[in-house]
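Each chain is listed here by its residues.
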Amino acid sequence: MPRHADHEMPSTGEPQTPLKILLLAAEVVPFAKTGGLADVAGSLPQAVHALGHDVRVGMPRYGRIRPEQFNLTRALDSFPVPMDDHTEPAELMQTTLENNVPVYMVESVRYFDRDGIYMYPDDAERFIFFCRSMLEGIKRLGWQPDVIHCHDWHTALVPNWLKTIYAHDPFYTNIASVYTIHNLAYQGVFGYRVLEIAGIDEYGFIVHPDIVDLNEVVDFMGRGIHFADVISAVSKTYAREILTPEFGEKLDPLLRDRSDRLFGVLNGIDLKEFDPATDPYLEANYTRESLDRRLQNKLALQREAGLLQDPHAPVVGIIARLTDQKGFDLITPIVEGLLQHLGAQFVLLGTGEQRYHDFFVELATRYPQQAGIFLTFNASLARRIYAGSDLFLMPSRFEPCGLGQMIAMRYGGVPVVRAIGGLADTVQDFDPATGAGTGFVFEAYDPMALYTALVRAVETYRHQDTWHKLQVRCMQQDFSWERSAHKYVELYSRARAFNAQDREMSGARHQQTRI
Ligand code: ADP
């Protein structure tokens, strides 16, 4: 068993004096986004700022971020950044998030003046440059953070640098690091050469007796886990799961070694953005006091999806990347049963693997009045599905946190989920005896387990009084960023305490060797 079996955060007991936090991420809303990381990197700093801390954000200025659109001004003129055996010039631009949180953007014609964000052959070099520029940049700015909060593989070398080549520079010595894993499946794996580019070749590979692969590759995420003062994952259950071979993506032995430093903090959602009372994309706005108005959204969705407009047919919605991670190999064997035997309707929005595109196109041809299939990315339609479906499906194979189930609940959709990762932490199984719970939860990764949960859900749906109470409970859940921000601040204090403790220990070791 891991040392921190429940991955609860023990209190540091430290008074909450204002902290200085630098948050580094490859994508940040509203400047650049390809996934959930950008939402976290845009929302968390604002919530931490609201608690009274000096939090600033660092990211690259990609070519698509137009300076005039975001009022970018120059924070630092060109300065040299060590790369490989030479230096490259960087500039630092500056703007703010909505509530005045400063955002620094690293400017470089060579690395970032391109249309896209990722998927370039020199990605490792690009993000090494970004992070190193930020480390060099804060010293030039004279702004010394207490903690650097790094996200995903792109920023994972920062804890590595802080513990090695920057460890004895007084400006950096006291800076602690927190490393957050959003999805262990993307680790950033490269060859030895990147260590030379990053200036840490003298420290070589991380050698771990139980992970032979690590002796031959540079795994950015592995290095973040190895060197950070505190590691976090985006839900408590996922933080526990990644300690096992099933979810650990080969890094579980390393994570187990560091399990006393590993915590889980659930992501929040933006409650202003996702609010059925004000959402401009809905047919009718509603609150939990006026839930009857929600039906108008259901009928409008049925119309938009070309389905039979039937107020009594349970509408099952799903919005997801069409991949195995999201459990589509469980859905395909049972979806016809859902339509034929349970009398449900099915609305899907997503893009992904071709075999799933083909499958669902064919399903819509055979059940035109029961299956509405949208193979596209459409943020406003997504909201209409959250507001118009009775049930929201997330039978994921693994799910670090998951946003869909939280948004669905905020909109009064009842989730049907597998009991893993963030899904287990956000949805409690409905118990008809007590009336407690917020959704329908199943355990085994098996189509019949999903189908059984759907049978229970559709059966409960037929009892409208019970269903109404279930919806209200879903809408009452607190998924605010404020809640998560308190937990991250706790983690920042923890990271500082670990950092001080480690420095003391290495100081003591140093003394001993000198004697
Ligand atoms: P992941 O980040 O693994 O894809 P999450 O549930 O954490 O899954 O977040 C996915 C987010 O992207 C949700 O807010 C969901 O509504 C949105 N989304 C996914 N696919 C689409 C799509 N095709 N159109 C619109 N929004 C989508």
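Now for a description of the structure that goes with this document. (Residues numbered from 1 in each chain as written. Predicted model: local features only at pLDDT ≥ 70, side-chain atom pairs only at ≥ 80, totals over all residues. Heavy atoms only, no water.)

With that settled, consider the sheet that holds strand 11 (residues 262-264). Taken together, 9 strands build an open sheet; the order of strands is 3-4-5-2-1-6-7-10-11 and the sheet is mixed. Edge positions in the sheet fall to strand 3 (73-83) and strand 11, since each has one partner strand and no second. Shown here is a sheet whose adjacent strand axes are inclined to one another by a mean of 25 degrees, direction ignored. Both strand 2 (residues 54-60) and strand 5 (residues 102-107) contribute to a ladder of 4 bridges, which runs parallel. Paired with Gly58 across the strands is Tyr104, a residue of strand 5. Contacting strand 1 (20-24), strand 2 and strand 6 (147-151), helix 1 (residues 36-50) crosses the sheet at an angle of about 160 degrees to strand 2. (Pairing = 2+ DSSP bridges. Helix = DSSP H or I, 4+ residues; strand = E, 2+ residues; numbered from the N terminus. Axes fitted to C-alpha atoms, helices over the stretch in contact; angles between N-to-C directions. Contact = heavy atoms within 4.5 Å.)

Moving on, we get to the sheet that holds strand 13 (residues 345-349). Pairing is parallel in the open sheet, where 6 strands are placed in the order 14-13-12-15-16-17. The outermost strands of the open sheet, each flanked by one partner alone, are strand 14 (371-374) and strand 17 (440-442). Sheet twist, expressed as the average angle between the axes of neighbouring strands with direction ignored, equals 15 degrees. Where strand 12 (residues 315-319) meets strand 15 (residues 391-394), 2 bridges bridge the pair, whose relative direction is parallel. By the bridge assignment for strand 15, Gly317 is matched with Phe392. Seen against the sheet, helix 13 (residues 379-388) touches strand 12, strand 13, strand 14 and strand 15 and runs at an angle of roughly 145 degrees to strand 12. Across the face of the sheet, helix 17 (residues 464-476) comes into contact with strand 15, strand 16 (414-418) and strand 17 while running at roughly 75 degrees to strand 16.

To continue, consider helix 12 (residues 354-366). With 13 residues, helix 12 extends 19 Å from end C-alpha to end C-alpha; this agrees with the ideal 18 Å at 1.5 Å per step. Within the sequence span of helix 12, burial applies to Tyr356, His357, Phe360 and Leu363. The buried residues of helix 12 occupy an angular sector of 130 degrees when the element is viewed end-on, so they sit on one face. Of the residues in helix 12, the exposed ones pointing more than 90 degrees away from the buried face are Gln354 and Thr365. In this structure, the buried side of helix 12 is in contact with helix 11 (328-340), strand 13 and strand 14. (Expected span 1.5 Å × (residues − 1). Buried < 20%, exposed > 50% of the residue type's maximum accessible area, 1.4 Å probe, protein only. Arc of directions from axis to C-beta.)

This next bit is on the site of the ligand. Taken together, 16 residues sit near the ligand, with Arg321, Lys326, Thr376, Tyr386 and Leu403 positioned nearest. Contacts to the ligand include Arg321, whose side-chain N or O atom sits 2.8 Å from an oxygen atom. Tyr386 is positioned such that a nitrogen or oxygen atom in its side chain is 2.5 Å from an oxygen atom of the ligand. In isolation the ligand has 560 Å² of accessible area, and contact with the protein removes 82% of it. Elements with a contribution of two residues or more to the shell around the ligand: helix 13 and helix 14 (404-410). Residue composition of the shell around the ligand, grouped by class: 9 nonpolar, 5 polar and 2 charged. (Near = heavy atom within 4 Å. Polar contact = N/O pair within 3.5 Å; in protein donor to acceptor, adjacent residues only side chain to side chain. Areas by Shrake-Rupley, 256 points an atom, 1.4 Å probe, with all protein chains shown as cover. Nonpolar A, V, L, I, M, F, W, Y, C, P; charged D, E, K, R; others polar.)

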